[in-house]
Amino acid sequence: MGQHDVVQGTLEMLILKTLALEPTHGYGVATRIEQVSQGVFRINPGSLLPALARMEQAGSVKSEWRTSENNRRAKYYKLTARGRKALTTEEETWNRQVSAIARIMQTSAKASSEA
Amino acid sequence: MPMLTNLIRGIKSLVRSENVERDLDDELQGFLDESIADKQRSGHSPQQAERLARVEIGSTNTVKHHIRSVGWETSMENLLQDIRYTIRTLLRSPGFTAVAILSLALGIGANTAIFTLIRQVVMKQLPVQNPQELYSFGAAGAGGMLGGVDIGTVELFPYDFARQLQQQPGPFQSTAAYSSFGPMVNIRIPGSTEAIQAPGKLVTGNFFQVLQASPLLGRTLQPSDDTVKNGNPVTVISYHFWLQSMSADPTVVGKTITINSIPFTILGVMPEAFHDLKYGVRPTDFWFPLTMAPSVMVQDNILERDHYFLDMVARRNLTHSLTADQHWLDSQMRNYARAATGATLSPARQQEIDHITTPLTSAARGLSSLRNQYGDSLLILSVIVAVVLLIACANLANFLLARAIARQREVSTRLALGSSRARILGQSILEALTLSLMGGLLGLGFAFVITRALIAFVMRGSTDTVLSAHPDGVVLSFTFAISVVAGLLFGLAPALQFARSAAGPTTLSPSTRGTANSGGRFWPKALITSQVVLALLLLVVAGLFLRTLRNLQDQSLGFERTHLLIAEIKPDIAGYTPEKAPVLNQRMLESLSAIPGVRSAALADTPPISSGAWRSSMHPTGYTPGQNEEMGALLRRVSGHYFETTGVEIVSGRGFVPSDTSTATKVVVVNQTLANKYYPHGDAVGRTIGVDLDTNGPWNIVGIAKDTRTLDLHSAKPEPLIYLPIVQLTGPHDSFANIILVRTVGDPTMTTRAVRGALHSIDPNLPILNIRTMQEHLDTFTSSETLISRLTSTFAILAVLLSAIGLYGVMSFNVARRTNEIGIRMALGASNSGVQWMVLRESLWLLAIGLAIGLPATLIVARFLRSQLYQMSPFDPVVFAAATIGIAIVTIMSTWLPSRRAASIDPMVALRYE
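Worth saying up front: this structure is predicted, and the values here are computed from it rather than measured. Here the residue numbering is sequential within each chain, running from 1 through the sequence in written order. Just so you know, chain letters begin at A and ligand numbers begin at 1, following the order they were written in. Local features in a predicted model are, by the rule used here, given only for residues with pLDDT of at least 70; side-chain atom pairs are given and counted only at 80 or more, and totals for whole chains, interfaces and linings are based on all residues. The side-chain quantities take in all heavy atoms of the structure and omit both hydrogens and water.

Peer 1: Before we go on, may I ask you to explain the overall build of chain B in this structure?
Peer 2: Each helix is a run of DSSP H or I of at least 4 residues and each strand a run of E of at least 2, with the numbering of both proceeding from the N terminus. Secondary structure assignment for chain B yields 29 helices and 25 strands. In this treatment the radius of gyration is a C-alpha quantity, and the globule benchmark scales as 2.2 Å times the residue count to the 0.38 power. Taking 29 Å as the expected radius of gyration for a compact globule of 914 residues, we find that chain B reaches 38 Å, considerably beyond that expectation. Within the span of chain B, comprising 914 residues, buried residues form 50% of the whole. The contact definition used throughout considers only heavy atoms, calling two residues in contact when any of these lie within 4.5 Å. Residue pairs in contact within chain B that sit at least 24 positions apart in sequence constitute 81% of those at least 6 positions apart. Under the convention used here, a 1.4 Å probe and the Shrake-Rupley method define accessible areas, while residue burial counts only the protein chains that appear. Accessible surface, chain B: about 40900 Å² in total, of which carbon and sulfur atoms supply 60%. In this count, Lys and Arg are taken as positive residues and Asp and Glu as negative ones, while His and the chain termini are left out. Charge coordinates come from a single atom per side chain, which is NZ of Lys, CZ of Arg, CG of Asp or CD of Glu. Looking at charge distribution, chain B has the averaged site of its 74 positive side-chain charges lying 9 Å from that of its 67 negative ones. Only protein chains enter the accessibility calculation, which uses a 1.4 Å probe. A residue is then buried if its area is under 20% of the maximum for its type, exposed if over 50%, and partly exposed in between.

The following block contains the structure:
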């Protein structure tokens, strides 16, 4: 199956959602997104880690150093209250956009089928 | 909050960058390890897993860079890097950097200097509490004493009115009065041998309370000090006098000094910043209670009715309306006038009285004669220095544009390597700001020197002044602000160039460098043209002012201007009584005439031309005045040899002769204006005239003198003037001569010492206020015109120089860039002179456009200067022609060298040049 990078503009939202379930480190986020999307989305670390740094700068996530499952020192990211709010907002926007696109796609299909 | 955490994190990362590096490495390494472990779990071999994981992550350095650039500290590091780069670049072309900083320094320095002066002369508020509540009655422009006038028609007030309003201020919080001029007083400090003279002011007891000014030491005057006529000799002294003449003695309060031979007790010292409400060149040194006026002004009756010599000031309650306050004041004055008129009040008189008004004028910034004299000039100058700075900026913009074109390859390379356009532009702005801030710093130094020179000029060498050349916080911020604005102005010029450059391989090829890309050549042309316009404007303005000054200086005055020495003395404050005056006068005349090198000597009350005026009403016999006709004349009291000494011509009859003694018939000489006005048939000589003076007339007219300039150099028509012989005058004031005139054979300055010696030998205590030549005295009447014409010509020359440098630079650069093209032209048959003409033609075209825009623009601007000019039109053709020719010559000269260089290009070399 094709493996793509995430839909443009949705990376932060997906990260927020992932972290909402459970705090984890950078690789953990990448793995989870790949698993949950059943392989459709594969995030390249070159965009993931800077995105996490940006979100930390904006205050949506907080980081702390912990020991990971493999007994290594790893940076764990956690959602903040601001992040939770951001997630809700982004989710709403996304849903609105998706339904709008769906409506457009349906009407064109009908129109072309009638023509 | 995230901002604070980010700030702290950024600082931590700047300061302890190894820790941050370690964290980044750990995070990436951790990611990598997890990825490898994962892949191994999926069944890859360790090496394969590692390879796959690394491929996924890509370049760790790039990832680290991206993570780092999220924080602000990276921008900071970038900034520091850019600054170091900028400094290196600037140092690499020291000539350019030096010229740039110098021209910026001159422009910014000039602006700062003028701003400093404007702040102090025009803008500064009085250093008292709530200055905006202070309102003066009238503009208080005059200083002097008048009698026989209506209150409210001249802006001076008599003592009784001032007292009345002080006690019943009506809607005002309080009102005070002060002498409209600062009479010089004779001071003797115990323990010193010499007497000094300094200006003092007479004020009502509540003056300092109305101003809400507090003393530095001791106390200020109180209303209780100001009750008994001549009864309370106390004074408050200025900081300047305390410092200079009393050595800042901290125990000065309560000490006594002798003023005009009377012991005065010092009540207090005012702080350094305080300089009185109405001030001129010389700051006031003493404040006396108004009741002491008879002693201080050496005039017994000055506090009586009909002596108008006070200015008044009120502290208003700002919640009241100005019109209501104005009405109240007017009604007070009208009541006073009605009471003064007496019983019968004709309807005409009633009408007159009902029109009496004196406008309440804001005194928040004090009443400064400096502002009146130089205010306009300073504002004009502020525009001019702004123009000079603009020209300097246009130059630099052109230079930077040229450099941007030359560095196109470097820019394209950087863009290709991944730099953002913003960063490149930012770096060029940084370069511009570095230049302009350094120019600003140097400019501060220039400004200090320029301001000092200007103040010295305005103060005419006297050191005790209210102006200071030291910059304060506001001036420093101003300098910083215009440095930044200037830097941004020309720093954005390369941006216009970058907007065109594309980050593609096309710009790296050599062929594009040779073509004259006409789109990119617009801005240099526009800048040069605007420089031509501005330089033309400045040249014309300078020319107009120079011509005006010349007109003022060269006009015929009616009296001798070169071989005349003027000395100012004040016998009354040294204790001379009116009875002793004639003897003193005689002795002075004899002693002075005996000095070798002196042709003749004379005495007068004022120099032949003086802003001070002694006037009174007069009644020529045989002339019936019309209804409401003003029958007044200027008066001058002079000694016998006045007319020969000053060179004033007697056109009819005679001057004064020795037989016109105090007991002989009273005689006068009148000027032509008076004679023509009142005796149009030419029969003035032999008639009599009555003059309202302490001495009784009637006076016989024995001669007519030629009209002279009497009050200033500007006014159109002379006033009627009567010369009275000093020996025939009596009264408390009129027998004193305050001016000595000495006509010399040679250079008048050589006789100064002898004159001083002669006066000293008569009376060593006679106060000599100053001695100067007539030429120096005349110069004081043209000081603001001299100032502005000197400055505008200096700035115009500077502007033209800057424009010339700019034009030369741009033309040279163009020729260098078009070397290839020129080589081709010459190879195809163009002649040397043809090529030279091609280059010249370009700049002549710019000159033509510049003149086409500049001449109409200058004509429009010149209109606003009409009020500043004298006896010439603002569209004076000579000035315009001279300025145009000047600009044309400079343009051609600046282009000459580059054009010759173009003509001498060897085609063989040029074709290979890139």
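Peer 1: It is not clear to me how the overall build of chain A should be interpreted in this structure. Could you clarify?
Peer 2: Looking only at helices and strands, chain A features 4 helices and 3 strands. When its helices and strands are written in sequence order, chain A yields α-β-α-α-β-β-α. A total of 115 residues make up chain A; the buried ones form 36% of that total. Residue pairs at least 24 apart in sequence account for 55% of intrachain contacts in chain A once pairs closer than 6 positions are excluded.

Peer 1: Help me understand the nonpolar core in this model?
Peer 2: Most often, soluble globular proteins have nonpolar side chains that are buried together. Residues and elements named next belong to chain B. Counting residues in hydrophobic clusters, the biggest one holds 52 residues, and the most contacted among them are Leu370, Val388, Leu467, Leu538, Leu544, Phe545 and Phe795. Elements supplying a minimum of two residues to this core: helix H6 (94–123), helix H13 (369–406), helix H15 (421–458), helix H19 (522–554), helix H25 (783–817), helix H27 (832–863) and helix H28 (877–903). Here the element with the most residues in this core is H13; it accounts for 11 residues. In this text, buried Ala, Val, Leu, Ile, Met, Phe, Trp, Tyr and Cys residues form a nonpolar core when linked through side-chain atoms within 4.5 Å. Judged by nonpolar contacts, the second largest core, of 47 residues, contains Ala162, Leu202, Ile259 and Leu360.

Peer 1: Would you mind going over the side chain of A:Arg32 with me for this structure?
Peer 2: Within the secondary structure layout, A:Arg32 lies in helix H2 (residues 26–36). With residues near it in sequence (within four places) discarded, A:Arg32 still touches A:Thr18, A:Glu22 and A:Thr24.

Peer 1: Help me understand empty space enclosed by the protein in this model?
Peer 2: With a probe scaled to a water molecule rolled over the atoms, the places where space remains empty come into view. Points on a 1 Å grid, built from protein atoms alone, make a cavity when a 1.4 Å probe fits but cannot get out and make a pocket when they are open with protein on both sides within 12 Å along at least 5 of 7 lines; residues with an atom within 4 Å of a point are the lining residues. Grid points are joined across faces, edges and corners, and a volume is the space filled by probe spheres set on the points. Under the defined criterion, the tally for this structure stands at 8 cavities of 30 Å³ or more. Lining the second largest cavity are 14 residues, and of these A:His25, A:Ala74, B:Glu27, B:Gly30 and B:Phe31 sit closest to its centre. Of all the secondary structure elements, the ones that give two or more residues to the lining of the second largest cavity are H2 and strand E3 (73–79) of chain A together with helix H2 (17–41) of chain B. A total of 5 residues in the lining of the second largest cavity trace back to one element, the largest contributor, which is H2(B). Each residue receives one of three labels: charged for Asp, Glu, Lys and Arg, nonpolar for Ala, Val, Leu, Ile, Met, Phe, Trp, Tyr, Cys and Pro, and polar for the others, Gly being one of them. Among the residues making up the lining of the second largest cavity, the classes are represented as 4 nonpolar, 4 polar and 6 charged.

Peer 1: Explain the environment of B:Gly491 to me, please; I cannot follow it from the model alone.
Peer 2: Residue and element names in this part refer to chain B. Along the polypeptide, Gly491 turns up in helix H16 (residues 473–491). Residue Gly491 is classed as buried on the basis of its relative accessible area of 0%. Through-space distance from the C-alpha of Gly491 to that of His681 is 76 Å; in sequence the pair is 190 residues apart. Dropping the residues within four chain positions of it, Gly491 is found in contact with Leu400, Ser428, Ile429 and Ala432.

Peer 1: In this structure, what is going on with the sheet that holds E3(A)? I would like to understand it.
Peer 2: Within a sheet, neighbouring strands are paired by backbone hydrogen bonds and run either parallel or antiparallel to one another. All names here are of chain A. Strands are treated as partners if at least two bridges between them are detected by DSSP. As summarised here, the arrangement of the 3 strands in space is E1-E3-E2, forming an open sheet in which the pairing is antiparallel. Pairing within the sheet leaves two strands with one partner each, and these edge strands are strand E1 (24–25) and strand E2 (61–67). Pairing analysis gives 7 bridges linking E2 to E3, with the strands arranged antiparallel. When the sheet's bridge partners are listed, Arg66 is paired in E3 with Ala74. The axes are straight lines fitted to the C-alpha atoms, using for helices just the contacting stretch, and the angles between their N-to-C directions are given from 0 to 180°. Sheet strands touched by helix H3 (residues 45–58): E2 and E3. Its angle to E2, the strand with the most contacts, is close to 120 degrees.

Peer 1: Is there a simple way to explain unusual backbone geometry in this structure?
Peer 2: Of all residues except glycine, most have a negative phi; of all peptide bonds, most are trans. Residues and elements named next belong to chain B. The backbone of Gln212 shows a phi angle near 55 degrees, a positive value even though the residue is not glycine. The topology assignment puts Gln212 in the loop between helix H8 (207–211) and strand E6 (217–218). A positive phi is found at Asn260, a non-glycine position, where the angle reads about 50 degrees. On the basis of relative accessible area, Asn260 is assigned to the buried category, the value being 8%.

Peer 1: What is the right way to read the layout of surface pockets from this model?
Peer 2: Taken as a whole, the second largest pocket holds about 920 Å³ of empty space. As for the second largest pocket, its lining consists of 35 residues, and the residues nearest its centre are A:Glu56, A:Ser63, A:Lys75, B:Arg9 and B:Val20. For the lining of the second largest pocket, the secondary-structure elements that each account for two or more residues are H3, E2 and E3 of chain A together with helix H1 (2–15), H2, helix H4 (60–68) and helix H5 (72–92) of chain B. The residue makeup of the lining of the second largest pocket, split by class, is 11 nonpolar, 11 polar and 13 charged.

Peer 1: Sorry, what's going on with the packing of H2(B) against H4(B) here?
Peer 2: All names here are of chain B. Two elements in contact, H2 and H4, have axes separated by 11 Å at closest approach and are oriented at 125 degrees. The orientation of H2 relative to H4 falls into the category oblique. Along this stretch, H2 crosses H4, giving a crossing that reads as right-handed. Where H2 abuts H4, its residues Glu21, Leu24, Asp25 and Leu28 lie against Thr60, Val63, Lys64, Ile67 and Arg68. Classifying every residue of the contact of H2 with H4 by side-chain character gives 4 nonpolar, 1 polar and 4 charged. These descriptions rest on fixed angle ranges, namely under 35 degrees for roughly parallel, over 145 for roughly antiparallel, 65 to 115 for roughly perpendicular, and the rest for oblique. Less than a right angle of anticlockwise turn of the near helix away from the far helix marks a crossing as left-handed, whereas a clockwise turn marks it as right-handed.

Peer 1: Mind showing me how you'd approach the interface of chain A and chain B here?
Peer 2: Many structure descriptions define interface size as the accessible area lost when the parts assemble. Taken residue by residue, the interface counts 27 residues in chain A and 24 residues in chain B. Carbon and sulfur atoms make up 55% of the surface buried where chain A meets chain B, a total of about 2100 Å² over both sides. One side-chain nitrogen of Lys or Arg within 4 Å of one carboxyl oxygen of Asp or Glu is enough to make a salt bridge. In this structure, the connection of chain A to chain B is made through 4 salt bridges. B:Glu56 is the partner of A:Arg42 in a salt bridge, and the nearest nitrogen-oxygen pair spans 2.3 Å. Joining two parts hides part of their accessible area as seen by a 1.4 Å probe, and the buried area is that hidden amount summed over both.

Peer 1: So what exactly am I meant to see when it comes to the pattern of salt bridges here?
Peer 2: Close approach of charged atoms allows side chains of opposite charge to pair. Residue and element names in this part refer to chain B. Overall, the coordinates contain 40 salt bridges over all chains when judged by the stated rule. With its nearest N and O atoms 2.5 Å apart, the salt bridge here joins Asp249 to Lys255. Judged by its relative accessible area of 17%, Asp249 falls in the buried class. With relative accessibility at 37%, the residue Lys255 sits in the partly exposed group. Overlapping salt bridges bring together Arg403, Arg407, Glu410, Arg414 and Glu431 as one network.

Peer 1: Would you explain the packing of aromatic side chains in this entry?
Peer 2: In this description, a pair of aromatic rings is defined by centroid distance and the angle of the planes. All names here are of chain B. Pairing of aromatic side chains requires ring centres within 6.5 Å, counting the rings of Phe and Tyr and the six-membered ring of Trp. Pairs whose planes differ by under 30 degrees are stacked, by over 60 edge-to-face, and all others tilted. One pass over the full model with this rule turns up 22 aromatic pairs over all chains. With centroids separated by 3.9 Å and ring planes inclined at 5 degrees, the aromatic side chains of Phe115 and Phe478 adopt a geometry described as stacked. Residue Phe115 is found in helix H6, and its partner Phe478 is found in helix H16; the two are separated by 363 residues along the sequence. Residue Phe115 is classed as buried on the basis of its relative accessible area of 16%. The partly exposed category is assigned to Phe478, whose relative accessible area is 22%. Here Phe643 and Phe656 contribute two aromatic rings whose centre-to-centre distance is 5.8 Å and whose plane-to-plane angle is 50 degrees, an arrangement assigned as tilted. One end of the pair, Phe643, is in helix H21 (residues 642–646); the other, Phe656, is in the loop between strand E19 (650–653) and strand E20 (667–671), and 13 residues separate them in sequence.

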